Amino acid sequence: MRILLYNPDNGVTRNFMPHLWMFLLQALTPSGHEVVLIDGNAQPMDEEGIARYVREQNIGLVGIGAMTRMIAKAYRMADAVRAVGVKVVMGGPHVTEMADEALGRDGGSRHADAVALGEADETWPRIVEDAARGSLKDVYAPVDDFGQERKPSLQPYPQIPWDKIKLEQFNLLPGIVHPLLKRVGAGWGTFRIIPMESGRGCPYGCEFCTVTGFFGDAIRFRTNESVVNELLLLKARAKEEGGQIAVFFIDDNFAINVKRTKSLLRDIIAANAQVHWVAQISANLLRDEELVDLIAAAGGKWIFIGMESIDPANLADVKKGFNKPGEYAVVLDRLARRNVFAITSFIFGMDNDTPGVAERTLKEIRTWPPGLPIFGLMTPLPATPLYKRLEAAGRLTRPKHWQEFIPFAMAHTPLKMSIDEAHSEVRIGWASSYSPEAIEKAVDSLNHKPLGYRINILIARLCFRGIYFPQMGRFAWLKAILENRRTIFKLIRQGFGGGLHAAMPLVSTEPVTEQRD
């Protein structure tokens, strides 16, 4: 068979990196089958387009994975594929919790011929072989001989052939800038952010999060050797292509086992396997000075920290009391001293939030080293403890909000503010953090650093601005550039005064990531 693995676009803005699940399942596909990958964020496609593609390319099976915010688009694409007679299997966190919805068992339309529940590492090869024989089952679940759920071991880990995989659709550099970058900065033919995992699972069980429910609370790790070898493969490819590659470790908490993380980072350093990377790490784990030293030495450049709130009562309500707002500034300063910066995530509309929460949060942010603050609304995802609590309390205003996804719109009533007030707080957060004045201030705060760091924070801020203010087209990007022309011209003057060629390689130290679901 020819198999298409498809990930729908996220409905907000294009992702800045592909999704790992596609590459992992491609590596796990039994021999004799050909797998092609399309990520809708990098290669836009509508229902008519995917139907035409599967017909023209003689696709025999389509696998679609999607998170809750993408599921409505995923269902539409699946319907279009099934309408031309091609089988569809769907999986991911949403489908795992809402299998009856995908299979049409809840009274709605059927969207999938089969669903893969949980992690599909072990079930995917069986799905492919059943589809090839024409005997696809409705449900595939990873269970042991006693019918109990089984989580796959990450030892051994399938080798993803990054040296051979076609990655053209994921080059973040527009073609128009290639000639310029090749002239002023060696090694900038391409720039890609590649997903990688070193472990799965999270023991914290935050009320609003799907991770513990999907991956479990027991942490499973790859071997250090496996991770190091994958990094070396990516590093070699970048060098061979004359391009740049950064890695996003998609572990939900990269340093959840500090001793193991230190061991991995030491092995990366010893093997000279450093590439620039981003990882998600809880603030409480970054108290460890040695850990932060190793992060910087091993290539870490940005750390995503789910701060969620500056209010301890809010954090306790959602079972994230291990976050200590009083430590935030110390943690961020500790990172910044080592030239590692933070993507800080906040949630508004929590039960103890009141009008003015955005400005109170921004007041704290302004005292921290420059980073990338992002703001979202408390969202009850299916089957999470938060969803169940709000449903029991009769507070859900859109119980099936995913069926009509609206970016940055609440699906329940906050306790101490209205829905409209919560929406306004998010707008204030984004507008205040990504205005031309705020971007210029962030850039200028790094005047004591080499030029490359200032270029990095400018590019990162402009890209992250697009999470809330759409920047999908050329006109929107041109408008953003014009609004920030004062800061851009300032950097250009500094660059030509000090030698732009020498500054350019530093740009790769700050890969750009996107907000989590």
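Not measured: the values here are computed from a predicted model. (Residues numbered from 1 in each chain as written. Predicted model: local features only at pLDDT ≥ 70, side-chain atom pairs only at ≥ 80, totals over all residues. Heavy atoms only, no water.)

Engineer: I'm lost on the sheet that holds strand β2 (residues 34-39) in this one. Help?
Structural biologist: The strands that make up a sheet pair up through hydrogen bonds in the backbone, lying either parallel or antiparallel. With parallel pairing, the 6 strands of this open sheet are ordered in space as β2-β1-β3-β4-β5-β6. For this open sheet the edge positions go to β2 and β6 (139-140), each flanked by a neighbour on one side alone. Running over the sheet, helix α1 (residues 20-28) touches β1 (2-7), β2 and β3 (61-65) and is turned about 160 degrees from β1. (Pairing = 2+ DSSP bridges. Helix = DSSP H or I, 4+ residues; strand = E, 2+ residues; numbered from the N terminus. Contact = heavy atoms within 4.5 Å. Axes fitted to C-alpha atoms, helices over the stretch in contact; angles between N-to-C directions.)

Engineer: Explain a nonpolar patch on the surface here, please?
Structural biologist: Residues F489, I492 and F496 make up a contiguous nonpolar surface patch of about 350 Å² in total accessible area. With respect to the secondary-structure elements, F489 resides in helix α20 (residues 485-498). (Patch = residues over 30% accessible without salt bridge, like charges linked within 9 Å, V, L, I, M, F, W, Y side chains within 5 Å. Areas by Shrake-Rupley, 256 points an atom, 1.4 Å probe, with all protein chains shown as cover. Salt bridge = Lys/Arg side-chain N within 4 Å of Asp/Glu carboxyl O.)

Engineer: Where do I start with unusual backbone geometry in this structure?
Structural biologist: Backbone phi values are negative for most residues with the exception of glycine, while trans is the configuration of most peptide bonds. The step from Q155 to P156 runs through a cis peptide bond, and the omega angle for that step is 5 degrees. Relative to the elements of secondary structure, P156 occurs in the loop between β6 and α7 (178-184). We note that E308 has phi near 70 degrees; this positive angle belongs to a residue other than glycine. Position of E308 relative to the elements: it lies in strand β12 (residues 300-308). A positive phi angle is found at N339, which is not glycine, with a value near 60 degrees.

Engineer: I would appreciate a short explanation of the pattern of salt bridges in the present structure.
Structural biologist: Pairs may arise between side chains of opposite charge once their charged atoms sit close together. In this structure the tally under the stated criterion is 40 salt bridges. The partner of E241 in a salt bridge is R237, with the nearest N and O atoms 2.8 Å apart. In this pair, E241 and R237 are both assigned in helix α9 (residues 224-241), 4 residues apart and thus about one turn of the helix distant. A relative accessible area of 7% means that R237 is categorised as buried. Between E289 and R334 there is a salt bridge whose closest N-O contact spans 3.1 Å. Placement of the pair is E289 in helix α11 (residues 289-297) and R334 in helix α13 (residues 328-336), with a sequence separation of 45 residues. (Buried < 20%, exposed > 50% of the residue type's maximum accessible area, 1.4 Å probe, protein only.)

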